[in-house]
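Here is what each chain is made of, one letter per residue.
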Amino acid sequence: MKVLVESPAILDPSELLRPEPEFMDKSASKFRDYTIDKNDPLKERVRQTYRQMHLNQTVDFVKGRRAEWLTFTKFRATIREALERLNDLVDESDPDLDLPNIVHAFQTAERAREEHPDLDWLHLTGLIHDLGKVMAFYGEPQWAVVGDTFPVGCLWSDNIVYRSDSFEGNPDGDNPQYNTKYGMYEPNCGIRNLLMSWGHDEYLYQFLVHNKSTLPEQALCMIRFHSFYPWHSSGDYQHLMKPEDEEIKKWVLCFNRYDLYTKSTKMPDIDALWPYYQSLIDKYCPGVLEW
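Computed from a predicted structure; not experimentally measured.

Caption draft 1: Inspection of the overall build of the protein at higher detail. Secondary structure assignment for the protein yields 10 helices and 2 strands. For the protein, the α and β elements follow one another from N to C terminus as α-α-β-α-α-α-α-α-α-α-α-β. For the protein, the residues scored as buried account for 56% of the 291 residues in total. Taking as baseline every contact in the protein between residues at least 6 positions apart, the subset at least 24 positions apart corresponds to 81%. Total accessible area on the protein stands at roughly 12,600 Å², and carbon and sulfur atoms take up 49% of it.

Caption draft 2: Quick look at the state of the cysteines. Evaluated as defined, the whole model comprises 0 disulfides. The closest cysteine sulfur to the non-disulfide-bonded C154 is located on C189, 8.5 Å from its own sulfur. Residue class for C154 comes out buried when judged on its relative accessible area of 2%.

Caption draft 3: Focus on the packing of aromatic side chains. One pass over the structure, following the stated rule, counts 17 aromatic pairs. Seen in terms of ring centroids, F228 and Y237 are 5.4 Å apart; in terms of plane orientation they differ by 45°. Their pairing is tilted. Note on accessibility: F228 and Y237 belong to one class, buried. Taken together, W69, F72, W198 and Y203 form an aromatic cluster joined through their ring pairs. The ring of W274 carries R80 above its face, with NZ or CZ at 4.1 Å from the centroid. Here the guanidinium or amino end of R113 rests over the ring plane of Y276, the centre of that ring lying 3.8 Å away.

Caption draft 4: Layout of the packing of helix 5 (residues 120-128) against helix 7 (residues 217-225). Packing of helix 5 against helix 7 leaves a shortest axis separation of 10 Å and a crossing angle of 20°. Between helix 5 and helix 7, the angle is such that the two are roughly parallel. As for how helix 5 packs across helix 7, the hand of that crossing is right-handed. Along the contact surface, helix 5 presents W121, L122, T125 and I128, while helix 7 presents Q218, A219, M222 and I223. By residue class, the composition of the contact of helix 5 with helix 7 is 6 nonpolar, 2 polar and no charged.

Caption draft 5: The arrangement of the confidence of the model for the protein in detail. Looking at the protein, the pLDDT average stands at 88 and 85% of residues meet or exceed 70. Here residues 5-11 scores under 50 on pLDDT; set against residues more than four positions off or in separate chains, the count is 12 contacts.

Caption draft 6: The UniProt feature "binding site: substrate" (unreviewed entry) in the protein, seen in detail. Taking the numbering used here, the UniProt-annotated feature "binding site: substrate" (unreviewed entry) corresponds to R32, D91, E92, S93, K133, G147, D148, H226 and S227. Checked against the element boundaries, D91 lands in the loop between helix 3 (79-85) and helix 4 (101-115). Apart from residues lying up to four places away in sequence, D91 is in contact with R45, N101, K133, Q142, V146 and G147. Counting through the fold element by element, E92 comes out in the loop between helix 3 and helix 4.

Caption draft 7: Quick peek at the nonpolar core. In this structure, I79, I128, L131 and W291 are the most contacted members of the largest nonpolar core, which totals 82 residues. It is helix 10 (residues 270-284) that provides the largest number of residues to this core, a total of 7 residues.

Caption draft 8: Highlighting the packing of helix 5 against helix 10. At a minimum axis separation of 10 Å, helix 5 and helix 10 run at an interaxial angle of 100°. When the axis of helix 5 is compared with that of helix 10, the two are roughly perpendicular. Of the residues in helix 10, those touching helix 5 at D120, W121, H123, L124 and L127 are Y276, Y277, L280, I281, K283 and Y284. Class assignment of the residues belonging to the contact of helix 5 with helix 10 gives a composition of 8 nonpolar, 1 polar and 2 charged.

Caption draft 9: A look at unusual backbone geometry. Unusually for a residue other than glycine, Y162 sits at a positive phi of about 60°. A positive phi angle, close to 60°, is found at K212, a residue other than glycine. A residue is classified by how much of its surface remains accessible, and K212, at 69% relative accessible area, is exposed.

Caption draft 10: Layout of the UniProt feature "binding site: Fe cation" (unreviewed entry) in the protein. Under the local residue numbering, the UniProt record ascribes the feature "binding site: Fe cation" (unreviewed entry) to H104, H129, D130, H200, H226 and D259. Along the chain, D130 turns up in the loop between helix 5 and helix 6 (200-210). Beyond its immediate chain neighbours, meaning those up to four positions away, D130 contacts L86, N101, H104, H200 and H226. Among the structural elements, H226 can be located in the loop between helix 7 and helix 8 (229-232). With residues near it in sequence (within four places) discarded, H226 still touches H129, D130, H200, D201, H232, V252, F255 and D259.

About the thresholds
- The numbers attached to residues start from 1 for each chain and follow its sequence in the written order.
- The model is predicted, so local features are restricted to residues of pLDDT at least 70 and side-chain atom pairs to those at 80 or more, both for listing and for counting; the totals for chains, interfaces and linings are taken over all residues.
- Side-chain measures here rest on the full set of heavy atoms in the structure, leaving out hydrogens and waters.
- Secondary structure elements are defined from DSSP: runs of H or I of at least 4 residues count as helices, runs of E of at least 2 residues count as strands, and each element is numbered from the N terminus.
- When a residue's accessible area, from a 1.4 Å probe over protein chains only, is under 20% of the maximum for its type it is buried; when over 50% it is exposed; and in between it is partly exposed.
- Note on definitions: a residue-residue contact is assigned when non-hydrogen atoms from the two residues lie within 4.5 Å.
- Exposure was quantified through the Shrake-Rupley algorithm and a 1.4 Å probe, taking into account, for residues, occlusion by the shown protein chains and nothing else.
- In what follows, a disulfide is any cysteine sulfur pair within 2.5 Å.
- Only Phe, Tyr and Trp rings take part, Trp by its six-membered ring, and two of them pair if their centres are within 6.5 Å. Stacked means planes under 30 degrees apart, edge-to-face means over 60, and tilted covers everything else.
- Definition used: whenever NZ (Lys) or CZ (Arg) falls within 6 Å of the ring centre and also within 35 degrees of the ring normal, the charge is taken to sit over that ring.
- Every axis corresponds to a line fitted to the C-alpha atoms, with the helix fit spanning only the stretch in contact, and the corresponding angles, defined between N-to-C directions, vary from 0 to 180 degrees.
- Should an angle fall under 35 degrees it is taken as roughly parallel, and over 145 as roughly antiparallel, whereas 65 to 115 is taken as roughly perpendicular and any remaining angle as oblique.
- Two helices cross in a left-handed way if the nearer one is turned anticlockwise from the farther one by less than a right angle. They cross in a right-handed way if the turn is clockwise.
- For this scheme, ten residues count as nonpolar: Ala, Val, Leu, Ile, Met, Phe, Trp, Tyr, Cys and Pro. Four count as charged, namely Asp, Glu, Lys and Arg, and the remainder, Gly too, count as polar.
- Across the chain, each position has a pLDDT score giving the predictor's confidence in that residue, from 0 to 100.
- UniProt positions are given in the numbering used here, feature names are shortened, and annotations may be inferred rather than shown by experiment.
- In this description, a nonpolar core means a group of buried Ala, Val, Leu, Ile, Met, Phe, Trp, Tyr and Cys residues linked to one another through side-chain atoms lying within 4.5 Å.

Laid out in structure tokens, this is it:
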């Protein structure tokens with residue numbers, strides 16, 4: 001088992017936990033607004049994306065996607081080439097931002113850089129955390145790429161967005177192997193051992209491991225679980241956690257500060273920022289990689 005490596009600049013991730021960042025351009029309560037309003041095109045787009053996700057994300061579906069994508073034979077590209085594809089992607093699950101995803105990538109990275117200039121691995125993590133969304137350009141529908149994640153193979157948490165009715169028709173809900181508190185898992189099996197709904201988090205994590213990125217374990221955990229909101233922000237799935245998962249959660253919540261609360265219409269100067277971030281790519285994820 002990998003042990004989270006202490007950063008020389010920050011020994012305790014709790015030092016990064018601040019509930020309401022001062023740099024937000026709206027109050028914290030205005031982020032992640034999933035109220036239903038069928039007359040609002042953005043809100044209805046978000047709701048329909050989650051409806052398709054919750055209807056179709058089953059144990060069998062996730063296993064099939066992993067078999068398809070984790071061969072890493074889809075294409076070859078550098079990190080920058082893949083990032084530039086995000087110029088053409090607007091996340092259909094995001095109620096906070098209706099801009100190309102590359103804008104969000106630089107917003108996240110730059111805020112982490114401003115607050116912690118010595119943690120270059122955190123800056124790069126912010127830049128690439130959504131990079132798994134390139135799957136949308138290679139045949140995956142957005143409901144299997146974007147949005148919050150959750151474990152398949154056990155009872156769905158009450159704190160999954162649109163939980164009340166959006167899972168209706170998902171066959172795992174009628175399967176006694178999967179529709180109980182523990183489902184197919186053992187108590188306290190550990191977050192790393194859950195089969196998560198298929199999306200950009202798990203794909204990018206597996207991609208970085210496959211391509212032997214030298215990002216620290218904290219970064220890999222942030223990437224792998226940053227969309228697992230029912231766990232890291234609502235406190236669900238405690239019965240599946242190992243004691244060491246609390247440390248993982250702290251690091252994911254640290255990252256959430258930059259991922260969620262930097263979303264705004266303020267446009268970063270991407271061209272001016274590329275040289276710095278290219279140097280980080282060359283340090284941690286160099287060359288042409290297998291996707």
